[in-house]
Amino acid sequence: MLQIDVLTILVLTAANLATVSVALPLIMGRGISRAARLAQGALLLQTLGWVGIIASELLAGSWADPVLSVCSVGAASAANVAIYWALREWLGPRPGNALLLALAVLLPVGYALAFSNYQLRVAYANFTLAAQFLVIARAALWPQTRASLPWRVLIATCYTVVAAFTVGRGILGGFMPHLYPNFAAPHPINIGAQLAANITLVLTTVAVLVAWREEAEAKLREQAYTDNLTGLLNRHGWTERAPALFDQSRRHGIPLALVMLDLDKFKTINDTLGHDVGDRVLQLFGAVLRDQRRSSDLAARMGGEEFALLLPHTEAAAAILIEQRLRNALKTACAAQPQLAVDYSAGLAVLDARDASLSAFMVRADNALYCAKDQGRGRLQTAD
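Now for a quick tour of the structure. (Residues numbered from 1 in each chain as written. Predicted model: local features only at pLDDT ≥ 70, side-chain atom pairs only at ≥ 80, totals over all residues. Heavy atoms only, no water.)

**Quick notes on the packing of aromatic side chains**
Part 1 of the reasoning: Applying the stated criterion to the full structure yields seven aromatic pairs.
Part 2 of the reasoning: On the basis of an interplanar angle of 70 degrees and a centroid distance of 5.9 Å, the ring pair of Tyr111 and Phe115 is categorised as edge-to-face.
Part 3 of the reasoning: Judged by relative accessible area, which is 16%, Phe115 ranks as buried.
Part 4 of the reasoning: Clustering of aromatic rings is evident, with ring pairs tying together Phe285, Phe307 and Tyr344.
Part 5 of the reasoning: The residue whose ring lies beneath Arg121 is Phe115, and the NZ or CZ to ring-centre distance is 4.1 Å.
Part 6 of the reasoning: It is Arg327 that lies over the ring of Tyr344; its NZ or CZ is 4.0 Å from the centre. (Phe/Tyr/Trp six-rings, centres within 6.5 Å; stacked < 30°, edge-to-face > 60°. Buried < 20%, exposed > 50% of the residue type's maximum accessible area, 1.4 Å probe, protein only. Lys NZ or Arg CZ within 6 Å of the ring centre and 35° of its normal.)

Listed below in structure tokens is the structure:
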């Protein structure tokens with residue numbers, strides 16, 4: 001009958017982890033996000049954990065055994081925290097952070113204290129690791145997020161499977177130590193756990209690469225929609241996002257206000273002080289506009305010194321107050337940097353039955369803006 005050498009599988013797992021740990025940074029390159037760096041760190045920590053396990057098995061009974069064993073479970077625990085934090089970076093706030101951190105600290109500490117009692121330490125370590133795996137599996141799926149589902153399901157499935165085998169090892173070591181006397185014991189559950197570790201390593205790596213690619217594509221889309229100088233939406237971003245807000249407001253009768261803004265005498269600033277100062281003025285105004293807008297508002301640089309601010313759920317009176325707040329914030333910012341002092345003219349339109357399209361709505365606000373300029377600049381003019 002074919003005998004499977006568990007220690008050989010352990011060595012192959014460590015070798016595969018080491019290979020992936022080296023390959024991922026080469027594939028991803030430099031300038032990657034914090035999430036990608038955390039995922040890379042998780043794989044490296046897993047590699048160190050498996051190497052520590054193998055070394056402790058080879059040096060069983062020596063003074064190095066407890067040191068290597070504690071270090072290996074510590075590395076495994078830290079790897080779980082790293083992959084969880086990577087998920088949090090990719091998906092937003094996740095449940096279980098406090099629990100995972102507590103388990104990450106308690107695992108190596110409790111393992112070290114219980115090292116002299118084989119049954120206790122094996123049961124404790126495996127059950128604690130299984131709890132960590134389940135926290136990660138849950139974090140991959142809940143709460144819901146806009147990130148694509150397949151790679152999250154893949155991670156959740158992998159960690160759930162590994163958790164099940166880990167619980168099985170904990171039961172064997174804690175209650176049937178004669179069937180699981182050491183980490184290399186050829187028990188079917190242990191063999192299955194080692195094979196599952198190899199398979200889930202491959203699948204988890206695939207999921208991490210998909211998540212990283214999705215993140216990179218999202219950044220490229222965001223860059224395509226963002227004005228590099230001000231950090232606001234550019235005209236392309238406005239064209240992509242503003243129509244949906246307009247259509248929703250028109251269809252459901254939701255109040256909607258539009259403010260078109262134009263920096264006063266900006267050409268004079270460029271001609272007399274230079275384009276570098278002009279760029280800094282645009283950056284200053286963009287920063288103020290970003291700070292003063294609400295999370296539901298759309299703010300865009302339409303080109304040159306012209307900007308647009310779309311205000312959902314906003315009547316005329318509220319829009320006027322928002323514009324006043326913006327103008328006061330700009331005055332405060334200019335007072336701190338007088339060399340960049342600038343003012344603006346603005347036109348306000350509120351959605352009504354005449355606005356059959358977003359372009360018609362923008363024309364009314366633009367006409368009000370031209371009126372404000374004709375009347376002396378530095379003011380807000382409402383449409384009609």
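Additional details are given in the paragraphs that follow.
**A word on the pattern of salt bridges**
Part 1 of the reasoning: This model, assessed by the stated rule, comprises 13 salt bridges.
Part 2 of the reasoning: Between Glu217 and Arg213 there is a salt bridge, with its nearest N and O atoms 3.7 Å apart. One end of the pair, Glu217, and the other, Arg213, are both in helix H7 (residues 188-225), four residues apart, so they sit about a helical turn from each other.
Part 3 of the reasoning: Between Glu222 and Arg241 there is a salt bridge; the shortest N-O distance is 3.3 Å. A residue pair is termed long-range when its members are at least 10 positions apart, and Glu222 in helix H7 and Arg241 in helix H8 (residues 235-252) qualify at 19 residues.
Part 4 of the reasoning: On the basis of relative accessibility, which here comes to 31%, the residue Arg241 falls in the partly exposed class.
Part 5 of the reasoning: A single salt-bridge network, built from bridges that share partners, covers Asp352, Arg354, Asp355 and Arg364. (Salt bridge = Lys/Arg side-chain N within 4 Å of Asp/Glu carboxyl O. Helix = DSSP H or I, 4+ residues; strand = E, 2+ residues; numbered from the N terminus.)

**So, the sheet that holds strand E4 (residues 344-350)**
Part 1 of the reasoning: With respect to topology, five strands assemble into an open sheet ordered E2-E3-E1-E4-E5, the strand pairing being mixed. The two strands at the open ends of the sheet, each matched to only one other strand, are strand E2 (298-303) and strand E5 (380-382). Between one strand axis and the next, the sheet turns by 20 degrees as a mean value, whatever way the strands run.
Part 2 of the reasoning: In this sheet, strand E3 (residues 306-312) lies alongside strand E1 (residues 256-263) in antiparallel orientation, the contact comprising seven bridges. Residue Leu258 lies in a different strand from E3, and its bridge partner there is Leu310.
Part 3 of the reasoning: Sitting on the sheet, helix H11 (residues 316-336) is in contact with E1, E3, E4 and E5, with an inclination near 165 degrees to E4. (Pairing = 2+ DSSP bridges. Axes fitted to C-alpha atoms, helices over the stretch in contact; angles between N-to-C directions. Contact = heavy atoms within 4.5 Å.)

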